[in-house]
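So the chains spell out like this:
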Amino acid sequence: MYKHAKSVADKNFVMLYCKSNSRQSQAGFSVSKKFGNAVQRNKVRRQLKAAVSNFMQSVTPYYNIVFIPRRSDGYVYADILDSVTKLLKRSGLIQ
C-alpha cells in the first residue's frame, strides 16, 4: 500500500489511496505509538472510523484507503469529520 499509493494531506491527517481488486472500497487506520497510550490511540481510531463510515457508501469503488493522524494532541470529532470530507473530495474519491 505505501509503495504504490497516492497521498493527500492536511494539518490533521494523511490519506493514502490506491486501486484494489475488491469491488467495495475499504478504509484502514494507522495510529502510531507516538500518540500516547492505547486508550488515546483507540479513541482517535474510533473517531476516525465513525467519521469515515458516513462516507463509505459514496466513495468510488475499487479503492483501498488508509488514514494516518499527524498530531498527537486530542482531536475534536467535528474537526475529524471536516478533515475527512476535505481529503476525500481533494482526492476525487467521493462520487
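See the structure shown above.
Keep in mind that what you see is a predicted model, and the values were worked out from it rather than measured.

Here we look at the overall build of the chain
Within the chain, the regular secondary structure consists of two helices and four strands. On C-alpha atoms alone, the chain measures out to a radius of gyration of 13 Å, which is about the 12 Å that the 2.2 N^0.38 rule sets for 95 residues. With the C-alpha coordinates of the chain rotated into their principal frame, the extents come out at 35 × 25 × 20 Å. Burial statistics for the chain: of 95 residues in total, 39% are counted as buried. Expressed as a percentage of contacts within the chain between residues at least 6 apart in sequence, the contacts between residues at least 24 apart total 77%. Of the roughly 5,700 Å² of accessible surface on the chain, a fraction of 49% belongs to carbon and sulfur atoms. Placing the 17 positive and 4 negative side-chain charges of the chain at their respective mean positions leaves the two points 11 Å apart.

A word on the nonpolar core
Core analysis: the largest hydrophobic core is formed by 22 residues, its most contacted members being M15, L48, I65, F67, V84, L88 and L93. Residue assignment for this core shows that the elements contributing at least two residues are β2 (13–19), α1 (38–53), β4 (63–69) and α2 (77–91). Non-local contacts of L93, meaning those with residues more than four positions away in its chain, are made with M15, Y17, S58, V59, T60, Y63, I65 and L88.

What to know about α2
If you check α2, its first and last C-alpha atoms are 21 Å apart, about what 15 residues at 1.5 Å a residue would give, namely 21 Å. Looking at the buried side of α2, the elements it contacts are β1 (6–9), β2, α1 and β4. Following α2 by one or two positions, G92 has its phi on the positive side, about 80°.

Quick notes on the side chain of R41
Inspection of the secondary structure puts R41 in helix α1. Owing to a relative accessible area of 15%, R41 belongs among the buried residues under this scheme. A distance of 2.5 Å separates a polar side-chain atom of R41 from the backbone oxygen of G36.

Comments concerning the side chain of S20
Secondary-structure assignment places S20 in the loop between β2 and β3 (26–29). Using a relative accessible area of 15% as the deciding quantity, one classes S20 as buried. Not counting residues within four places of it along the chain, the set of residues in contact with S20 comprises Y62, Y63 and N64.

Thoughts on the sheet that holds β3
Spatially, β1-β2-β4-β3 is the arrangement adopted by the four strands of the open sheet, whose pairing is mixed. Whereas interior strands pair on both sides, the edge strands pair on one side only; in this sheet they are β1 and β3. Strand-to-strand twist in this sheet, taken as the mean axis angle between neighbours without regard to direction, amounts to 20°. With four bridges joining them, β3 and β4 adopt parallel strand pairing.

Rules and cut-offs
- Residues numbered from 1 in each chain as written.
- Predicted model: local features only at pLDDT ≥ 70, side-chain atom pairs only at ≥ 80, totals over all residues.
- Heavy atoms only, no water.
- Helix = DSSP H or I, 4+ residues; strand = E, 2+ residues; numbered from the N terminus.
- Rg over C-alpha atoms; globule rule 2.2 N^0.38 Å.
- Buried < 20%, exposed > 50% of the residue type's maximum accessible area, 1.4 Å probe, protein only.
- Contact = heavy atoms within 4.5 Å.
- Areas by Shrake-Rupley, 256 points an atom, 1.4 Å probe, with all protein chains shown as cover.
- Lys, Arg positive; Asp, Glu negative; His and termini not counted.
- Charge placed at Lys NZ, Arg CZ, Asp CG, Glu CD.
- Core = buried A, V, L, I, M, F, W, Y, C linked by side-chain atoms within 4.5 Å.
- Expected span 1.5 Å × (residues − 1).
- Polar contact = N/O pair within 3.5 Å; in protein donor to acceptor, adjacent residues only side chain to side chain.
- Pairing = 2+ DSSP bridges.
- Axes fitted to C-alpha atoms, helices over the stretch in contact; angles between N-to-C directions.

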